[in-house]
Amino acid sequence: MAENMIIRVQSPDGMKKIPSTKRETAAAFLKKVAKEFGFNSNGFSIYLNRNKTGEILSQNKTLSLLKIKHGDMLFLFPSGSPSSSGEVMDTATPHSSSSLPSISSSSSSSSSSSMIPRSFSAPQVQEDEIDQYLAKQDGKIYRNKDPQLCRHGALGKCVHCVPLEPFDEDYLNHLDPPVKHMSFHAYLRKLTGGADKGKFAALENISCKIKSGCEGHPPWPEGICTKCQPSAITLNRQKYRHVDNIMFENHTIADRFLDFWRKTGSQRMGYLYGRFTEHKDIPLGIRAEVAAIYEPPQNATQNSLELVDDPKAAAVDEIAAKLGLCKVGWIFTDLLSEDTRIGTVRYTRNKDSHYLSAEECITAGYFQNHHSNPCRLSRDGHFGSKFVTVVATGYQVSNQCMALVRDECLLPCKDAPELGYAKESSPEQYVPDVFYKDKDKFGNDVTFLARPLPVEYLIIDITTTFPKDPQYTFCSTQRFPIENRDILGETQNFHSLATYLSQCTSTAFLDIVSDFHLLLFLVTNEVMPLRDSIGLLLDAVRTSNEDLAQTWKKSEQWATIEQLCSTVGGQPSSSLGYGAMGGPSVPASSSAMWSCLHCTFMNQPGTEHCEMCSLPRS
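Owing to the predicted nature of the structure, the values given are computational and were not obtained by experimental measurement. (Residues numbered from 1 in each chain as written. Predicted model: local features only at pLDDT ≥ 70, side-chain atom pairs only at ≥ 80, totals over all residues. Heavy atoms only, no water.)

A word on the overall build of the chain. Within the chain one finds 15 helices and 28 strands. Expressed as a percentage of the 618 residues in the chain, the buried residues total 46%. Pairs at least 24 residues apart make up 66% of the contacts formed inside the chain by residues separated by at least 6 positions. Counting only carbon and sulfur atoms, one obtains 51% of the accessible surface of the chain, whose full area is about 31,900 Å². (Helix = DSSP H or I, 4+ residues; strand = E, 2+ residues; numbered from the N terminus. Buried < 20%, exposed > 50% of the residue type's maximum accessible area, 1.4 Å probe, protein only. Contact = heavy atoms within 4.5 Å. Areas by Shrake-Rupley, 256 points an atom, 1.4 Å probe, with all protein chains shown as cover.)

Pasting the structure below:
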């Protein structure tokens, strides 16, 4: 009886226990396995290890000689479908790990840890470059040998110097300042650190809507069942964040944005364009580097902001992509002047009031839903978002908030900006119950209905910094007018372009045209848009290549731009100078076409009134 033993064999279809003996040959054992799993003798292979090493061949050696003992696990791979079986049997590596959103749910439809194989979890999705890079990194926190506690040699390791995992909470809490939220990729490593290596963990986006296609009852509001009903949601503070740091390349970017409020007293909003890079201060962290701010059309007052349709939005995104940039977030002001004589500002956002209002959380959730994070471990092909919010400091809203906003379940409170309100079900829409946990006066955890809801359960704070040594993606020393600032008298037209070029003192053409707002004007102006012919110049700015810039300068398009600038009405003949224009300026005369100062229409020579707007030339 002592020679009898049970061998476990794991296959893509599950695990089975095969009775055997120590003296049984490998050939006889393989026949048992083939009979048990329904394979022919050549239709599969069995290995000692999951990574397909140590293959057991059909031979006359006994199992004891092969060092197979009672209770050992062997791994079966069908030879006819190596790719599919390999995907199911694959041990989770750091770059193929998965994550769980921070949500408690009572049904499988919105459960964050649905036990589904990875082979069914996601289509082929092109992830961001930073995600692909971090997935290949080791991520461990290496420590030096402790001279007092370590008693081993130079090549040894003990509990005092062994490398730590990137999600180690004690390490994160002892950083200066302490890190409250681990990075998203560190959270993925935590999920894949167990015995199953996260094999069955899947990323599930939360849904607050009734499942469609349920035919067992009339549609809502006449009927609902447990199969189609969304589960109740208990809000938790999210343990991870998709972005760990926001860095403006230099102070000029933020200063020019704040100039609008300084000059008008009205609030302002803009989109942040930059890139995602590795944040080395936090294990496997991600940093959003801001290179420029684009200010879309908007109606602003001292207490409100209203965005209007932007016909240039697609062109701006296209230009940014060619410059190697993407939209990483949005920024807005919420400033009140306390004393105009000394220039002080009233401080209204603090722990006693709020950091983000409920309405701002809803807006942030709207933007994050429209800029979702590509993820191949999700059925939907996306999970969470890297889109950040900046006001005084940086923020994101949690995945739970994104789901509530996407499914129109969250409302702001009019008189309490620090509170949100979960909608109630109506005949038009079913809304699941939303709860949050807090402590009562006795220190006990108590569950409350989220009507109202403290928005602190939805917010993730992100540090916002400036580098010690300023960086410049756009190195122009002059300032071309920012778009959509007509209220300040700052307009983008060929008159302002001629003035800008005349003020540039640099002899390098690349330094002159390396301005984000200037490039936008060249592409989106109505007189001579260069959208189809500016690609070479954008490549020159992206790669800081002066030769490419000089090549584009010799094109017909730039010659036409120079001619338009030289014929701007009212422009002094000496104002264009040399440098950018490549030679002395041509004085405006009655024999040349002239541009209207009011509508920029190009008029025929000899006319004193604009043919388009009828306003005088002077």
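Now for the sheet that holds strand β14 (residues 326-332). Strands sit in the order β9-β11-β10-β14-β19-β20-β26 around a closed barrel of seven strands; the barrel is mixed. With strand direction ignored, the average angle separating the axes of adjacent strands in the sheet is 35°. Strands β9 (245-248), β10 (269-279), β11 (285-294) and β14 of the sheet are contacted by helix α6 (residues 251-264), whose axis makes an angle of about 50° with β11. (Pairing = 2+ DSSP bridges. Axes fitted to C-alpha atoms, helices over the stretch in contact; angles between N-to-C directions.)

Moving on to the sheet that holds strand β25 (residues 453-454). Taking strand neighbours across the sheet as the criterion, the three strands line up as β21-β22-β25 in an open arrangement whose pairing is antiparallel. Of all the strands in the sheet, the pair left with one neighbour each is β21 (410-412) and β25. Bridging between strand β22 (residues 419-422) and β25 involves two bridges; their strand directions are antiparallel. Looking at the pairing, G420 lines up with L453 of β25. Each of β21 and β22 touches helix α8 (residues 358-370); the most contacted strand, β21, lies at about 140° to it.

This part is about the pairing of β11. The buried count for β11 comes to 10 of 10 residues, which makes it a mostly enclosed element. Bridge count between β9 and β11: four bridges; the pairing is parallel. Its bridge partner lying in β11, N245 is registered against R287. Here β10 runs beside β11; their pairing, made up of nine bridges, is antiparallel. By the bridge assignment, Y273 is partnered in β11 with A292. Taking the residues that link successive antiparallel strands as the turn, the β10-β11 hairpin has five residues, and the phi of L284 there is positive, at about 55°.

Here we take up the packing of helix α13 (residues 535-543) against helix α14 (residues 546-553). At a minimum axis distance of 8 Å, the contact between α13 and α14 shows a crossing angle of 160°. Looking at the two axes, α13 sits roughly antiparallel to α14. In the crossing of α13 with α14, the sense of the turn from one axis to the other is left-handed. Contacts between α13 and α14 pair L536, L537, D539, A540 and T543 from the former with L548, A549, T551 and W552 from the latter. (Parallel < 35°, antiparallel > 145°, perpendicular 65-115°, else oblique. Left-handed = near helix turned anticlockwise from the far one by under 90°.)

In this section: α14. Residues of α14 that are buried: A549, W552 and K553. The arc that holds every buried residue of α14, seen down its axis, measures 105°, which confines them to one face. On its buried side, α14 packs onto α11 (509-513), α13 and α15 (556-566). (Arc of directions from axis to C-beta.)

Before going further, it helps to spend a moment on empty space enclosed by the protein. Applying the stated criterion to the full structure yields four cavities of 30 Å³ or more. Quantified by volume, the second largest cavity comes out at close to 40 Å³. Around the second largest cavity, the lining residues are N493, F494, H495, V568, S595, C596, L597 and T600. When its residues are assigned to classes, the lining of the second largest cavity shows four nonpolar, four polar and no charged. (1 Å grid on protein atoms, 1.4 Å probe; cavity = no way out; pocket = protein on both sides within 12 Å on 5 of 7 lines; lining within 4 Å. Points joined across faces, edges and corners; volume = space filled by probe spheres on them. Nonpolar A, V, L, I, M, F, W, Y, C, P; charged D, E, K, R; others polar.)

The contact between helix α10 (residues 494-503) and α15 brings their axes to 9 Å, and the two run at 100°. With respect to α15, the axis of α10 lies roughly perpendicular. Residues F494, L497, A498 and L501 of α10 lie in contact with α15, whose contacting residues are W558, I561, L564 and C565. Here the residues of the contact of α10 with α15 are counted per class, giving eight nonpolar, no polar and no charged.

Looking now at the pattern of salt bridges. Inspection of every chain in the model, using the stated rule, returns 26 salt bridges. R262 serves as the salt-bridge partner of D259, at 2.7 Å between the closest nitrogen and oxygen. Here D259 and its partner R262 are both found in helix α6, three residues apart, which amounts to about one turn of the helix. A salt bridge links E318 to K322, with the shortest nitrogen-to-oxygen separation between them at 3.4 Å. (Salt bridge = Lys/Arg side-chain N within 4 Å of Asp/Glu carboxyl O.)

Moving on to the packing of aromatic side chains. Considering all chains together, one arrives at 20 aromatic pairs under this definition. Judged by centre distance (5.8 Å) and plane angle (50°), the ring pair of W552 and W558 falls under tilted. Its relative accessible area of 2% is what places W558 among the buried residues. Ring-pair connections join several aromatic residues into one group, and the members of that group are Y271, W330, F332, Y366, F367 and F387. Over the ring of Y457 we find R237, and its NZ or CZ is 4.3 Å from the ring centre. (Phe/Tyr/Trp six-rings, centres within 6.5 Å; stacked < 30°, edge-to-face > 60°. Lys NZ or Arg CZ within 6 Å of the ring centre and 35° of its normal.)

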